[in-house]
Amino acid sequence: MELSLEKLSFGVPAAERDDDLISCFVTSETYNRVSQGKKTILLGNRGTGKSALFKKIADDEKLKGNLIVQLAPEEYSYELLSQSMKKEVEGSWAKHGAYAAAWKYLILVVVMKNFIKSGKKFKHGPEAKIYQYLRDNHKDVDTNPLGMLISYLKRMEGIKIGKYEAGIKAQELKKLYSLEEINHLTSVLDNVCAKNNAIVFVDELDKGWDASEDAISYVAGLFQAAISINTQFKNLRVLLSLRKELYDNIPALYDDAQKVRDIIETIEWDEPKLLELISKRISNKFNIDKNVPFEEIWNLTFQDTLEYRQTKSFNYIVDRTLYRPREIIQFCNDIAEGLRGQLFQGSLPFDYKQIADAEYGYSEARLKDICSEYRFQYPGLQSILETFRGKSYTFTRDELEEQLFKIVFEDIPVSKEAKTWCVDIEPDILIEILWIVGFIRAQAVGGLKARRRSGSRYLGSHQISSLNLKNIQRFHIHPMFRTYLGLKESKG
Ligand SMILES: Nc1ncnc2c1ncn2[C@@H]1O[C@H](COP(=O)(O)OP(=O)(O)OP(=O)(O)O)[C@@H](O)[C@H]1O
Ligand SMILES: [Mg+2]
């Protein structure tokens, strides 16, 4: 079978715009656990498929006739929060708790509103209470969720910092924290949801993230609210997603570690699943029979074995990713796009030259994306990665430490932003950071259990969840970054 290059596309980078997602969806244990409600908080790095998973579950639930509520990204605005709310020190009020109450209020009111909108009969029976409450309290009130959240917070803030008598203050606050206004409706709402379950999705919390005090309280409060609703309601579920590195950076989220750990799911991919993902997209595009093995489908678009060291083409491509679907989709699309732009296009399958032609641009884009992804934890990261330019890509521990010592002690200049955190830390810690962001991989010794194919000796943080780096004696720079940084093979 010959495929047309003109029609070839491996997909789009973001699930929101992915019309083929449902027909190409790759299921997993993660998908099972989240869709069964065993896990309600979804963590994953950028482009690993958080939105995709939510989109698929929303689709499943809609088919079952359940009520879906999606809180959309435009509706968060961290800047607006910071402008509206007093600082914790000024107001001397505990923000997380206030945000948690406000979030719970918001979610419950939004679900009630959606039930009414969905045309169910609400004017009679116990449900009428909900109808009346909304009519009396939320008729012409701001329907924008963020507005509702802010106004609830403002009510609390007003009491906290207002000149009330202590007793009244405590009483009024208690009412707001315990959601007195809607407490009489919660069991009614749960019963309403028994007929048609309701699921609330909150995705893309990182959009516009600014690491401010309010942004942190906003997310921490949402976590608490979701946990509280999921425990209290039988038929209403809140699903949250959050980028993994943001989660790792907000200690307030795992203060309650034990309680939270059971309900958290982290998205991870391995090579067979990524092959399935990309092959499903090819076969969907060209209507290839579902029974054709994934490898065969892949080989319709890529030469099986490349001239470059007789490497399998899939291995070559997947080695240049951190195992994220968006990366593999991007790299494959770049290759196809590069060939389409040429006068003499040749035909499929792609060979090594065509892959190599696209690699520099891909490598550059990935390096910049990773640095931007970590801009709050490790600002100026790019200037540190740039210090490796032109070097060889394998390092003994001593060589790597020596290079990092020079950064730490300012013998090698890095950007102003990078200096704010990387000088004065031990090279050990810097090695750890480079490992976490995916820049270096460690040579594994012993039989480590990791998501790698047999034969490859170096492991990255995307392939193994915990590794005692202190014991590692050799490292190399991840192949994804090498072309852009012009790295060389070592002579040894
Ligand atoms: N399980 C899956 N099956 C099929 N395609 C998937 C799957 N997971 C992700 N994808 C595809 O991979 C791409 C990236 O996924 P997605 O947009 O969901 O990532 P994300 O984790 O939400 O990223 P971000 O943090 O940037 O929002 C999308 O094109 C999506 O359709
Ligand atoms: Mg997303």
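Residues numbered from 1 in each chain as written. Chains lettered and ligands numbered in written order. Predicted model: local features only at pLDDT ≥ 70, side-chain atom pairs only at ≥ 80, totals over all residues. Heavy atoms only, no water.

K.L.:
A description of the sheet that holds strand β1 (residues 41–44) should follow, citing residues and the corresponding values.
P.N.:
Within the open sheet, the five strands sit side by side as β2-β3-β4-β1-β5. Their pairing is parallel. The sheet terminates laterally at β2 (67–71) and β5 (264–266), the two strands that pair on one side only. Here the average twist between neighbouring strands, direction ignored, is 20°. Where helix α3 (residues 50–63) meets the sheet, it contacts β1, β2, β3 (198–202) and β4 (236–243), and its direction lies at approximately 160° from that of β4. Across the sheet, helix α12 (residues 213–232) is in contact with β1, β3 and β4; its angle to β4 comes to roughly 150°. (Pairing = 2+ DSSP bridges. Helix = DSSP H or I, 4+ residues; strand = E, 2+ residues; numbered from the N terminus. Axes fitted to C-alpha atoms, helices over the stretch in contact; angles between N-to-C directions. Contact = heavy atoms within 4.5 Å.)

K.L.:
Just give me the short version of the site of ligand 1, but keep the residues and values in it.
P.N.:
Residues in close proximity to ligand 1 total 25 residues, the closest being Val12, Asp18, Lys50, Ser51 and Ala52. Between ligand 1 and Ala15, the relevant distance is 2.9 Å, taken from an oxygen atom to a main-chain nitrogen or oxygen of the residue. Within the side chain of Glu204, one N or O atom sits 3.1 Å away from an oxygen atom of ligand 1. Considering ligand 1 on its own, with 630 Å² of exposed area, one finds that the protein chains cover 98% of that surface. Elements represented by at least two residues in the shell around ligand 1 include exactly α1 (21–24), α3, α15 (271–285) and α18 (325–340). When grouped by side-chain class, the residues that make up the shell around ligand 1 number 13 nonpolar, five polar and seven charged. Each of domain 1 (40–262) and domain 2 (271–373) gives at least three residues to the shell around ligand 1. (Near = heavy atom within 4 Å. Polar contact = N/O pair within 3.5 Å; in protein donor to acceptor, adjacent residues only side chain to side chain. Areas by Shrake-Rupley, 256 points an atom, 1.4 Å probe, with all protein chains shown as cover. Nonpolar A, V, L, I, M, F, W, Y, C, P; charged D, E, K, R; others polar. Domains from an automatic or database assignment.)

K.L.:
A description of the domain arrangement of the protein should follow, citing residues and the corresponding values.
P.N.:
What the domain assignment lists for the protein is domain 1 (40–262), domain 2 (271–373) and domain 3 (381–485). In this structure, domain 1 and domain 2 have C-alpha centres spaced 41 Å apart. Contacts between the two partners involve six residues from domain 1, matched on the other side by four residues from domain 2. Regarding the contact of domain 1 and domain 2, the summed buried area is about 520 Å², with carbon and sulfur atoms giving 45% of it. Between domain 1 and domain 2 we count three residue pairs in polar contact (both at pLDDT 80 or more) in total. Class assignment for the residues of the side of domain 1 that touches domain 2 results in no nonpolar, three polar and three charged. (Buried area = accessible area lost by both parts, 1.4 Å probe.)

K.L.:
Go over the pattern of salt bridges, please, and point to the residues and values.
P.N.:
One side chain can pair with another of opposite charge once the charged atoms of both are near each other. Tallying each qualifying case throughout the model produces 30 salt bridges. Of the charged contacts, one joins Arg340 and Glu337 as a salt bridge, the two residues approaching to 3.0 Å between their closest N and O atoms. With a gap of three residues between them, Arg340 and Glu337 both fall in helix α18, about one helical turn apart. The partly exposed category is assigned to Glu337, whose relative accessible area is 48%. Here the residues in one salt-bridge network are Glu29, Arg33 and Glu265, joined through shared partners. (Salt bridge = Lys/Arg side-chain N within 4 Å of Asp/Glu carboxyl O. Buried < 20%, exposed > 50% of the residue type's maximum accessible area, 1.4 Å probe, protein only.)

K.L.:
Give a detailed account of the coordination of the magnesium ion (ligand 2), specifying residues and quantitative values.
P.N.:
Surrounding the magnesium ion (ligand 2) are the protein donor atoms Ser51 (OG) and Glu204 (OE), which sit 2.0 to 2.7 Å from the metal. A residue pair is termed long-range when its members are at least 10 positions apart, and Ser51 in helix α3 and Glu204 in the loop between β3 and α12 qualify at 153 residues. When its relative accessible area of 15% is taken as the criterion, Ser51 is described as buried. You can call Glu204 buried: its relative accessible area is 16%. (Donors = N, O, S within 2.8 Å, 3.2 Å for Na, K, Ca; no water.)

K.L.:
Please provide a residue-by-residue account of the pairing of strand β9 (residues 474–477), values included.
P.N.:
In this sheet, β9 lies alongside strand β6 (residues 394–396) in antiparallel orientation, the contact comprising three bridges. Counterpart to Thr396 in the pairing with β9 is Arg474. Direction of pairing for strand β7 (residues 440–443) relative to β9: antiparallel, over a ladder of three bridges. When the sheet's bridge partners are listed, Ile440 is paired in β9 with Ile477.

K.L.:
Go over the side chain of Arg340, please, and point to the residues and values.
P.N.:
On the accessibility criterion, Arg340 (18% relative accessible area) is buried. Among the polar contacts listed, one links the side chain of Arg340 to the backbone oxygen of Leu5, at a separation of 2.6 Å.

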